[in-house]
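Chain by chain, the residues:
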Amino acid sequence: MNRRLVLMGAACTAAFATRAFAQDDILKKLINRPGDWTVFGSAQTNKHIKDAKVQGGNAIEVKVAGNGGNPWDAVAINAITGKIAKGDRVVAAVWMRSQTTDGAPVNLTLQMQVSTPPFTAFAQKPIIVGPDWQMQMLEYVATEDHAPNTSSLSINLNTGKHTIYLGVAYILNMSMA
């Protein structure tokens with residue numbers, strides 16, 4: 001029995017050491033500031049909250065009035081601070097959850113877009129956000145170059161009356177060495 005526990009402990013230690021090394025490597029591909037959300041628009045109110053159930057323990061609570069209007073009347077944006085070149089494989093991963101009066105999930109769209117008018121999207125993915133924390137992902141291959149600080153991950157939130165919780169967002173350029 002003790003031998004079994006020692007072997008399990010050794011295996012776990014090796015796995016965590018390998019994971020930490022891999023995590024350090026993957027962080028070199030990061031092209032955003034993971035917790036740096038900007039939330040604005042007339043159809044929402046937001047505040048920072050603590051939540052031990054999400055990675056990092058912090059989130060932004062966005063209450064959306066759902067009074068109609070445009071989907072972008074409540075929007076969350078995370079700036080892309082790194083370069084994207086044509087042909088680069090980019091992955092965005094966002095921790096999210098929702099709360100509605102009837103417990104129904106919320107339909108939203110993750111998108112990468114240019115940061116200046118007309119805010120043209122160059123990658124999109126419809127997502128369904130439920131009441132439990134889950135990682136939502138968007139992957140694409142860039143069809144054009146984007147200089148640092150000229151594009152962003154965007155989520156238009158005004159799709160009904162609900163509360164959206166945003167955790168950290170990781171945007172990785174998987175083509176970076």
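Here we summarise the structure given alongside this text. (Residues numbered from 1 in each chain as written. Predicted model: local features only at pLDDT ≥ 70, side-chain atom pairs only at ≥ 80, totals over all residues. Heavy atoms only, no water.)

### Some details on the overall build of the chain
Quick note on the threshold: Strands here are runs of E lasting at least two residues and helices are runs of H or I lasting at least four, both read from the DSSP assignment and numbered beginning at the N terminus. Remark: exposure states derive from per-residue accessible area (1.4 Å probe, protein chains only) relative to the maximum for the residue type, with buried under 20%, exposed over 50%, and partly exposed in between. Contact between two residues is taken to exist if any of their heavy atoms lie within 4.5 Å; hydrogens are not considered. In this description, accessible areas are obtained by the Shrake-Rupley approach with a 1.4 Å probe, and a residue is regarded as covered only by the protein chains that are shown.
Within the chain, the regular secondary structure consists of one helix and ten strands. For the chain, the sequential pattern of α-helices and β-strands runs α-β-β-β-β-β-β-β-β-β-β. The proportion of buried residues among the 177 residues of the chain is 41%. In the chain, the proportion of contacts linking residues at least 24 apart, taken out of those at least 6 apart, comes to 77%. Summed over all atoms, the accessible surface of the chain reaches about 10100 Å², with 57% contributed by carbon and sulfur.

### Examining the layout of surface pockets
Put simply, the rule reads: A pocket, in this scheme, is an open set of points on a 1 Å grid over the protein atoms alone with protein on both sides within 12 Å along at least 5 of 7 lines, while a cavity is a set where a 1.4 Å probe fits but cannot get out; residues line either one if an atom lies within 4 Å of a point. Grid points are joined across faces, edges and corners, and a volume is the space filled by probe spheres set on the points. Under the scheme applied here, ten amino acids are nonpolar (Ala, Val, Leu, Ile, Met, Phe, Trp, Tyr, Cys and Pro), four are charged (Asp, Glu, Lys and Arg), and all others, including Gly, are polar.
Looking at the second largest pocket, its volume works out to about 240 Å³. In this structure, the second largest pocket is lined by F40, W72, V75, I77, Q111, Q113, S115, P118, F119, S152, S154 and N156. Those elements giving two or more residues to the lining of the second largest pocket turn out to be β4 (75-80), β6 (106-114) and β9 (151-156). In terms of residues, the lining of the second largest pocket owes the most to one element, β9, which gives three residues. Residues that form the lining of the second largest pocket fall into these classes: six nonpolar, six polar and no charged.

### Observations concerning the packing of aromatic side chains
Applicable threshold: Pairing of aromatic rings covers Phe, Tyr and Trp, the last through its six-membered ring, and needs centres within 6.5 Å; plane angles under 30 degrees mean stacked, over 60 mean edge-to-face, and all others mean tilted. We call a charge positioned above a ring when the Lys NZ or Arg CZ atom is no farther than 6 Å from the ring centre and deviates by at most 35 degrees from the ring normal.
Scanning all chains against the criterion turns up one aromatic pair. The ring centre of Y165 lies 4.1 Å from the NZ or CZ of R97, which sits over that ring.

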